[in-house]
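Notes for the structure review
Below, each chain spelled out in residue letters.
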Amino acid sequence: MGITADDEFRRLYADNFIAILNYARRRVRQSDDAPDLVAETFLVAWRRRSEVPPGDHGRLWLYGVARLVLANHARGEQRRRRLGQRLRLEHREYPVTVDAGNVDVRDALARLAPNDREVLELTVWEQLTPTEIAVALGLSPEVVRTRLRRARTRLRSQLECHAPGPAGQELAVRAESELKGGKP
Amino acid sequence: MKDSEIDRLLGEVQPTPVPAGALAEAGRELLEEIMSVHSPAEPGRSDQAVPLPTRTWSLARRRLAWVGVAAAVVAAVVVPTVVFGGGGAVVPVTPATQAPTPTPQLPHTKNPYVLLDAPGWEIDHVNESAEDNGEISFQQPETGQSLQVSWTTMDAYESRYEDRLDVSDPEPITLFGANADRFDYGKGEFEVLAPQSDIFLEVRGSSTGGRKNFAGLLEQLRQVPAEEWFAAMPDSVITPDENPSYTEEILAGVPLPEGLPASAFVSGFTNSRYHVEFGVIQRATCAWLENYEQAWETDDEPAMAAADQALAGSPNWEAVRREDGPDPIGAEQYVKAVSQRKSVDGYRSNLGCDDLG
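First things first, this report covers the structure right here in the doc. Because the structure is a prediction, the values reported are computed rather than measured.

Some words on the packing of helix 7 (residues 273-297) of chain B against helix 8 (residues 301-312) of chain B
Residues and elements named next belong to chain B. Contact pair helix 7 / helix 8: the axes reach a minimum separation of 8 Å and the direction vectors enclose 155°. As summarised for this structure, helix 7 and helix 8 are arranged roughly antiparallel, according to the angle between their axes. For helix 7 against helix 8, the interelement crossing comes out left-handed. Residues Thr285, Trp288, Leu289, Tyr292, Ala295 and Trp296 of helix 7 touch helix 8, and the partners they reach there are Ala303, Met304, Ala306, Ala307, Ala310 and Leu311. The class makeup of the residues in the contact of helix 7 with helix 8 is 11 nonpolar, 1 polar and no charged.

This is how it looks when you write it as structure tokens:
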């Protein structure tokens, strides 16, 4: 079962355009690559619309496609389609910026195993539940929960071990406060 | 540091999003371009370099998952540990190389009993979710490398293989003396599909370095006798003979609906501790919600009250309360609905109750 009518595809696109664009912005190295990833993702969806699951699973399916487009992109094999030229240009009005602080957190995140990092990012950044992530990644919810748990555990461990930096200092202060019986 | 604090920190480092409603015109233009590119609704894949997320692993087959608790691996080192006694008792034995003469009663599964001999690697988790489906994962804690070996029935092989053709061209290799295909995801991620008689193996390496390194790891994978495999399992993994007593331990203090025996929670598979706990809590919660749903439909207040009382106490169940216990199964909204005598519609699919069999 899939979406076959043009109107259904338009709805899928309208409902998820910003979500997929933001997904891309959070993961591409160059801001200009985000519109390309969006275009490629929806092009795949258009061509395979008969396979897009109905309802909310369509959104999760799109995340699944987007991550695979991203993987191909990372391998340098993304075809450079000249779609979305206007989007590419206007997107530059929204530069991707990252908080300069919290270097420790970003470093710790980067050190996680890719599979673990992926579920953590989908949880926090895309606000997906383990069940939804499971659909998007084609895994069981239990596997997702396990990766999520492991990712948080390792991140916690890394942040607590690498105290220097704003996040570490913040944690150190909190830990000290807790030790003294103060409120965290 | 609580999970919520970790999530908050992560939320602070995410790149800035585009606000809702932005780029609407440009987005619409892109939509028209896309819809004009390819008119047929035919799901052709010949021009696609992107595999679709169609590798939907049966939830039922994988309902018990695993954990990330490190443990000493294997290698040719064999440690005295347990095998399966006829009565399910834990029986200390000598190393497998000096296996006892009585044949232990082994579980009936398609587990290929794979171990990794590579120095510094550990068993990260084991998950047998069904007789013919499971996974064992190894990790190298210092480098963050991981290697997963999963197995499932051959009926899923063809679609999996086709899916992987979109990842890369297959490269024929040999694994365990048989033909297999390797696919390259890039960035040090590889996957091997290796058909065996009635199952096939998927061996997935993450951050394993180049092909040579990955090939080196594959060479250190071994299929071993079942006894040796069980002997290599770390404490973090619950083997079938340990499952009844461990399940009993988890159920201590957990009220069960009338007619639901503790034996219904016992699994004959091998799984990491965390997911045995998760599975038991999930099953108990599902059972109470099922009782409540039936009572709600017939307006049976005493039965609803019993379910309410049991579920309201679930945060105090030992395995739930413990700091290193499993993650919440996500039943909070239903527990609240029960306390308000509202419908719990949707709980079965959302909590995975349908997958419990």
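Side note on unusual backbone geometry
Phi at Gln127 of chain A takes a positive value of approximately 60°, unusual for a residue other than glycine. In this structure, Gln127 of chain A sits in the loop between helix 6 (114-124) and helix 7 (130-137). The exposed category is assigned to Gln127 of chain A, whose relative accessible area is 60%. One non-glycine residue, Arg341 of chain B, lies in the positive phi region at around 55°.

Examining the state of the cysteines
Two cysteines joined by a covalent bond between their sulfur atoms form a disulfide. Residue and element names in this part refer to chain B. Applying the stated criterion across every chain, the model contains 1 disulfide over all chains. Put simply, Cys286 and Cys353 are joined by a disulfide, and their sulfur atoms are 2.0 Å apart. Judged by the torsion about the S-S bond (-80°), the Cys286/Cys353 disulfide is left-handed. You can see Cys286 sitting in helix 7 and its partner Cys353 sitting in the segment after helix 11 (347-351), a full 67 residues away along the chain. Overall, Cys286 belongs to the buried group, its relative accessible area being 5%. We classify Cys353 as buried; its relative accessible area is 4%.

Here is what the cut-offs are and how they apply
- Residues numbered from 1 in each chain as written.
- Chains lettered and ligands numbered in written order.
- Predicted model: local features only at pLDDT ≥ 70, side-chain atom pairs only at ≥ 80, totals over all residues.
- Heavy atoms only, no water.
- Axes fitted to C-alpha atoms, helices over the stretch in contact; angles between N-to-C directions.
- Helix = DSSP H or I, 4+ residues; strand = E, 2+ residues; numbered from the N terminus.
- Parallel < 35°, antiparallel > 145°, perpendicular 65-115°, else oblique.
- Left-handed = near helix turned anticlockwise from the far one by under 90°.
- Contact = heavy atoms within 4.5 Å.
- Nonpolar A, V, L, I, M, F, W, Y, C, P; charged D, E, K, R; others polar.
- Buried < 20%, exposed > 50% of the residue type's maximum accessible area, 1.4 Å probe, protein only.
- Disulfide = S-S within 2.5 Å.

Shape descriptors only; they carry no functional weight alone.
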